[in-house]
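Summary of structural features
Below are the chains, spelled out letter by letter.
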Amino acid sequence: MKRIFRVTDGGMDVSFKINLDQDVKNWLEKKRKDVLTISRMDITGCCVAHEDIDVNYRAPKFGNYEKIDYDGLEIYVQKNLNFKDNRVDISLTGFGPFKHIFVDGLRRFSS
């Protein structure tokens, strides 16, 4: 399922597409979850630091998030995240008890 959403970020309208696999929706329903929060996670190593995506299954208690209603699912996307081609791909990965949601599309470097 693909949908285009218009959000406001710092007074500026930004459109982005959310591509959510049906497997994700089915898996969340099976787990009785109806909230998905996508936020920035800074990872620091010995030599290099980079940012990645953190996925959580409850609403944020604080912070600057855009709430999107998507077929009965509440998706919170942290503002100021930049996605390649303004597109967020949400899919299910892993197998058996190790399945989890994967979010792809974060722009890690300025172009």
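Just above, that's the structure.
Right, let's walk through the structure included here.

Rules and cut-offs
- Residues numbered from 1 in each chain as written.
- Predicted model: local features only at pLDDT ≥ 70, side-chain atom pairs only at ≥ 80, totals over all residues.
- Heavy atoms only, no water.
- Helix = DSSP H or I, 4+ residues; strand = E, 2+ residues; numbered from the N terminus.
- Buried < 20%, exposed > 50% of the residue type's maximum accessible area, 1.4 Å probe, protein only.
- Contact = heavy atoms within 4.5 Å.
- Areas by Shrake-Rupley, 256 points an atom, 1.4 Å probe, with all protein chains shown as cover.
- Core = buried A, V, L, I, M, F, W, Y, C linked by side-chain atoms within 4.5 Å.
- Pairing = 2+ DSSP bridges.
- Polar contact = N/O pair within 3.5 Å; in protein donor to acceptor, adjacent residues only side chain to side chain.

1. Some details on the overall build of the chain
Within the chain one finds one helix and eight strands. Secondary structure elements of the chain, listed N to C terminal, follow the sequence β-β-α-β-β-β-β-β-β. Taken over 111 residues, the chain has a buried fraction of 31%. Across the chain, the fraction of contacts at a sequence separation of at least 24, relative to all contacts at a separation of at least 6, is 50%. Carbon and sulfur atoms make up 48% of the accessible area of the chain, which amounts to about 7,600 Å² in all.

2. Overview of the environment of G63
Structurally, G63 can be placed in the loop between strand 4 (49-56) and strand 5 (65-70). G63 sits in the exposed class, given a relative accessible area of 60%. The spatial distance from the C-alpha of G63 to the C-alpha of K79 is 8.9 Å, given a sequence separation of 16 residues.

3. What to know about the nonpolar core
The biggest cluster of nonpolar side chains holds 22 residues, and the ones touching the most others in it are I18, I38, I75, I90 and I101. Taken together, the elements giving at least two residues each to this core come down to strand 2 (12-20), helix 1 (22-30), strand 3 (35-44), strand 4, strand 5, strand 6 (73-78), strand 7 (87-93) and strand 8 (100-104). Once residues lying within four places of it in the same chain are set aside, the contact partners of I90 are I18, N19, L20, D21, V24, L36, I38, I75, I101, F102 and V103.

4. Things to note about the pairing of strand 7
As paired elements, strand 7 and strand 8 share five bridges and run antiparallel to each other. Across the sheet, S91 pairs through a bridge with F102, a residue of strand 8. In this structure, the hairpin formed by strand 7 and strand 8 is closed by a connection of six residues, where G94 is found at a positive phi of approximately 90°.

5. With respect to the pairing of strand 5
Across the two faces of strand 5 the burial differs, with E66, I68 and Y70 buried and Y65, K67 and D69 not buried at all. Note: strand 5 against strand 6, six bridges, orientation antiparallel. Within strand 6, the residue paired with K67 across the bridge is Y76. Taken together, strand 5 and the strand that follows it, strand 6, pair antiparallel across an intervening segment of two residues, in which D71 is found at a positive phi of about 50°.

6. What about the environment of N56?
Among the secondary structure elements, N56 is positioned in strand 4. Sequence separation between N56 and I101 is 45 residues, and the spatial gap between their C-alpha atoms is 9.2 Å. Within the structure, the side chain of N56 is placed 3.4 Å from the backbone nitrogen of R58, a separation counted as a polar contact.

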